[in-house]
Amino acid sequence: MVRRVSVLGATGSIGTQTLDLIDRAGGAEAFDVIALTGHSNVAALAEAAIRLRADVAVTADLSKLDALREALSGSDVEAAAGPDAICEAASRPADWTMSAIVGAAGLAPTLEAAQQGRCLALANKESMVCAGDLLNAVCAEHGTTLLPADSEHAAIFQCLRGETAREVERVIITASGGPFRGRTRDQMRDVTLAEAVAHPNWDMGQGISIDSATMFNKALEVIEAKYLFDLRPDQIEVIVHPQSIVHSMIGFADGSIMAQLGPPDMRGAIGYCLNYPERRDLPVDRLDFAKLASLDFHAPDLDAFPALRLVRRVLDAGGAAGAVLNAAKEAAMAGFVAGRIGFLAQADLVELALNALIDEAARAGQTLEAVLDIDQRTRSFVEQRIAQGIEQ
Ligand code: NAD
Ligand code: MG
């Protein structure tokens, strides 16, 4: 059976790895590709859309519509641009959609895709963080199967197959610790953007690489786990595991632990989602335990990485509190990338934003309007602080 597939964020790190697996599985012969979306790289978007004979290619950037049309000329692929066009493309019927836009920009398109009643592979963790209750409710209402594509959550999902959620005592999310693992706060004061994006184990987009360096990625993943697996805050643990081989673990009521292991290659988790509920051959390295020699684990340093402390406040608050953490983190990261603030100021700004807005966000609850409103106000708050010259 030819499956209809769409990839939102097709030009990014997750998106291109998804297309790689689609190509290897037969490309346009094996799949009916509906929509591919991207942002600035319209040449790569058009090239993929032509190769895979997509119905529509959409760039988020309205000013790039002419360039996209030009790149698609002579093909049957429809061109569109802008955030509304991305949502329209995401709402076109498909059997399997990969949500791999980076940041809160992925929320509205992910909610559209969640109304398909088919399979939604979720890499865009920010939509769970900002509006997990809402996304779960939309999936439940439309009978959509949510497949976590984040490696940790794909691991937890696999460990849970055939198990009873009620018997889960805790989940243990592994963290590589990022490029600054083992450093003190002082030793991270002057780190550069290039150092922050140089992840030791994973080759990822810039945003999530910086999030790994601050460990905000792990903070987001803790919130993502709460909503994906309906967990209480005290059931979620984080452990540093530098080799990134154990992708995460579950502890059951009888003290037994189940873990999922694999090489640090996102095509493992993406391929699991693509082939679900089957398992098929994937082009990932096979683990050689004799060569691995050791797997190390240690507690995270909450002083050096305040993200893991701040996330506890968000878990307890609920409502739209996740949207405050995420928007503050995104706005602060933009400041760091632009060279306007230092690395450590990112967590300081998130803490200030939480102090100012978390109570209100918790009360606001999770409608799309409320989440987008608190997202915007949080960004303004952080941008104002940066403009006023906050420094660590
Ligand atoms: P990336 O930066 O490499 O790619 C992001 C994609 O989103 C691109 O296609 C880009 O064109 C598009 N995009 C950017 N801004 C947009 C906007 N405003 N509107 C619409 N589209 C926009 O990011 P990535 O590393 O592939 O990460 C994508 C998502 O997957 C993120 O949520 C990330 O946290 C998650 N994730 C990534 C990895 C990884 O290994 N890269 C692992 C786990 C989870
Ligand atoms: Mg992850």
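Counting of residues starts from 1 at the beginning of each chain's written sequence and follows it residue by residue. Naming scheme: in the order in which they are written, chains are lettered from A and ligands are numbered from 1. In view of the model being predicted, local features appear only for residues whose pLDDT reaches at least 70, and side-chain atom pairs are presented and counted only at 80 or more, with totals across whole chains, interfaces and linings using the full set of residues. Side-chain descriptors were evaluated using all non-hydrogen atoms of the structure, hydrogens and water having been removed beforehand.

## Comments concerning the sheet that holds strand β8 (residues 168-175)
Either a parallel or an antiparallel arrangement is found when strands of a sheet pair, and the pairing is made through backbone hydrogen bonds.
For step 1, the next point in the chain: One open sheet holds the four strands; their spatial order is β9-β8-β10-β11, and the pairing between them is mixed. The sheet is open, and its two borders are formed by β9 (236-240) and β11 (257-261), each paired with just one other strand. Neighbour to neighbour, the strand axes of the sheet diverge by 20° on average, direction disregarded.
For step 2, the next point in the chain: Two strands qualify as a pair provided that DSSP identifies no fewer than 2 bridges between them. Secondary structure is summarised from DSSP: a helix means a run of H or I of at least four residues, a strand means a run of E of at least two, and numbering begins at the N terminus for each. Alignment of β8 against β9, held across five bridges, turns out to be parallel. Bridge pairing in β9 places Ile172 opposite Glu237. Orientation is described by lines fitted to C-alpha atoms, with helices fitted over the stretch in contact, and by angles between N-to-C directions that extend from 0 to 180 degrees.

## Brief notes about the sheet that holds strand β5 (residues 96-99)
For step 1, the next point in the chain: If you trace the seven strands from one edge of the open sheet to the other, you get β4-β3-β2-β1-β5-β6-β7, paired in parallel fashion. The strands lining the two open edges of the sheet, one partner per strand, are β4 (78-81) and β7 (145-148). This sheet shows a mean twist of 15° between the axes of neighbouring strands, independent of strand direction.
For step 2, the next point in the chain: The pairing of β5 with strand β6 (residues 119-122) spans four bridges and is classified as parallel. By the bridge assignment for β6, Met98 is matched with Ala121.
For step 3, the next point in the chain: The strands that helix α12 (residues 267-275) touches are β1 (3-8), β2 (31-38), β5, β6 and β7; relative to β5, the one it contacts most, it runs at about 155°. Working rule for contacts: check all heavy atoms of both residues, and any pair within 4.5 Å makes them a contact.

## Describing the site of ligand 1
For step 1, the next point in the chain: As a matter of local geometry, ligand 1 sits amid 23 residues, with Thr11, Ser13, Ile14, His39 and Glu126 nearest to it.
For step 2, the next point in the chain: Polar contacts, as used here, are pairs of N or O atoms within 3.5 Å; protein pairs need one atom able to donate a hydrogen and one able to accept it. Residues neighboring in sequence count only if both atoms are side-chain atoms. Here an oxygen atom of ligand 1 sits 2.7 Å away from a polar atom, N or O, in the side chain of Thr11.
For step 3, the next point in the chain: In the environment of ligand 1, an oxygen atom lies 2.6 Å from a nitrogen or oxygen atom belonging to the side chain of Glu126.
For step 4, the next point in the chain: Surface accessibility follows the Shrake-Rupley procedure with a 1.4 Å probe radius. Residue values consider only the protein chains on display as shielding. Protein contacts shield 85% of the accessible area of ligand 1, which totals 820 Å² for the unbound molecule.
For step 5, the next point in the chain: Mapped by element, the contributors of at least two residues to the shell around ligand 1 are α1 (13-24) and α7 (125-142).
For step 6, the next point in the chain: Residue classes follow a fixed rule: Ala, Val, Leu, Ile, Met, Phe, Trp, Tyr, Cys and Pro count as nonpolar, while Asp, Glu, Lys and Arg count as charged, and any other residue, Gly among them, counts as polar. Residues of the shell around ligand 1, tallied by class, amount to twelve nonpolar, eight polar and three charged. We call a residue near a given molecule or strand whenever any one of its heavy atoms falls within 4 Å of it.

## A short note on the nonpolar core
Soluble, globular proteins show a tendency: their nonpolar side chains are buried together.
For step 1, the next point in the chain: In this structure, Leu36, Trp96, Met98, Phe343 and Val382 are the most contacted members of the largest nonpolar core, which totals 122 residues.
For step 2, the next point in the chain: With sequence-adjacent residues up to four places away left out, Val382 is seen in contact with Ala328, Ala331, Ala332, Leu349 and Ala353.
For step 3, the next point in the chain: Residues grouped as a nonpolar core are buried Ala, Val, Leu, Ile, Met, Phe, Trp, Tyr and Cys residues, joined through side-chain atoms within 4.5 Å. Burial status follows relative accessibility: with a 1.4 Å probe on protein chains alone, a residue under 20% of its type maximum counts as buried, one over 50% as exposed, and anything between as partly exposed. Counting twelve residues, the second-largest nonpolar core is a separate cluster that includes Ile34, Val56, Val58 and Ala89.

## Considerations on the coordination of the magnesium ion (ligand 2)
For step 1, the next point in the chain: For the magnesium ion (ligand 2), the full set of protein donor atoms is Asp150 (OD), Glu152 (OE) and Glu221 (OE), at a range of 2.1 to 2.2 Å.
For step 2, the next point in the chain: By relative accessible area, which is 8% here, Glu152 ends up buried.
For step 3, the next point in the chain: Classification of Glu221 as buried rests on a relative accessible area of 1%. The donor set comprises N, O and S atoms within 2.8 Å of the metal, extended to 3.2 Å for Na, K and Ca; water molecules are omitted, so apparent gaps in a site may simply reflect that omission.

## Digging into a nonpolar patch on the surface
For step 1, the next point in the chain: Within this analysis, patches are made of residues with over 30% relative accessible area and no salt bridge. Like charges are joined at 9 Å or less; nonpolar side chains (Val, Leu, Ile, Met, Phe, Trp, Tyr) at 5 Å or less. A pairing counts as a salt bridge when a side-chain nitrogen of Lys or Arg comes within 4 Å of a carboxyl oxygen of Asp or Glu. Among the surface-exposed residues, Leu261, Phe289, Leu295 and Phe297 lie close enough to one another that they form a single nonpolar patch of about 340 Å² accessible area.
For step 2, the next point in the chain: With respect to the element layout, Leu295 can be found in the loop between α13 (289-292) and α14 (307-317).
For step 3, the next point in the chain: A relative accessible area of 30% places Leu295 in the partly exposed class.

## Regarding the UniProt feature "domain: DXP reductoisomerase C-terminal" (unreviewed entry) in the protein chain
For step 1, the next point in the chain: UniProt feature "domain: DXP reductoisomerase C-terminal" (unreviewed entry): in the numbering of this structure it lies at residues 261-380.
For step 2, the next point in the chain: Between the end C-alpha atoms of residues 261-380 the distance is 41 Å, and the span holds 62% helix and 1% strand. UniProt positions are given in the numbering used here, feature names are shortened, and annotations may be inferred rather than shown by experiment.

## Regarding the packing of aromatic side chains
For step 1, the next point in the chain: Centres within 6.5 Å make a pair out of two Phe, Tyr or Trp rings, where for Trp the six-membered ring is used; the pair is then stacked when the planes are under 30 degrees apart, edge-to-face when over 60, and tilted otherwise. Throughout the structure, instances matching the rule amount to five aromatic pairs.
For step 2, the next point in the chain: Residues Phe180 and Phe343 carry aromatic rings whose centres are separated by 5.2 Å and whose planes lie at 85° to one another, so their mutual orientation is edge-to-face. Here the residue Phe180 occupies a position in the loop between β8 and α9 (193-197), and Phe343 occupies one in the loop between α15 (321-337) and α16 (345-364), the gap between them amounting to 163 residues. Taken individually, Phe180 and Phe343 each receive the classification buried, so the pair is uniform in this respect.
For step 3, the next point in the chain: Through a chain of ring-to-ring contacts, three or more aromatic side chains come together here, namely Phe157, Tyr272 and Tyr276.

## Looking at α14
For step 1, the next point in the chain: If you check which residues of α14 are buried, you get Ala307, Leu308, Leu310, Val311, Val314 and Leu315. Within α14, the buried residues cover an arc of 150° as seen down the axis, which keeps them to one side.
For step 2, the next point in the chain: Its buried side turned inward, α14 meets α10 (206-214), α11 (216-229), β9, α15 and α16.
For step 3, the next point in the chain: Just downstream of α14 lies Gly318, where phi reads positive at about 70°. Directions pointing from the helix axis toward each C-beta atom define the arc.

## Looking at the environment of Leu120
For step 1, the next point in the chain: For Leu120, the position within the fold is in strand β6.
For step 2, the next point in the chain: The class of Leu120 is buried, set by a relative accessible area of 0%.
For step 3, the next point in the chain: For the pair Leu120 and Thr144, spaced 24 residues apart in the sequence, the C-alpha separation amounts to 6.9 Å.
For step 4, the next point in the chain: Setting aside residues no more than four positions away along its own chain, Leu120 makes contact with Thr97, Ser99, Thr110, Ala113, Ala114, Thr144, Thr145, Leu146 and Leu147.

## Comments concerning the packing of α11 against α14
For step 1, the next point in the chain: For the pair α11 and α14, the least separation of the axes is 8 Å and the interaxial angle reads 25°. Regarding the angle of α11 to α14, the classification is roughly parallel. Note on packing geometry: the crossing formed by α11 with α14 is right-handed. In this structure, α11 uses Phe216, Lys218, Ala219, Val222, Ile223 and Lys226 to contact α14, whose residues at the interface are Ala307, Leu308, Leu310, Val311, Val314 and Leu315.
For step 2, the next point in the chain: Taken together, the residues that form the contact of α11 with α14 break down as ten nonpolar, no polar and two charged. In this scheme, roughly parallel covers angles under 35 degrees and roughly antiparallel covers those over 145, while 65 to 115 is roughly perpendicular and the rest are oblique. Take the far helix as the reference: if the near one is turned anticlockwise from it by less than a right angle, the crossing is left-handed, and if turned clockwise, right-handed.

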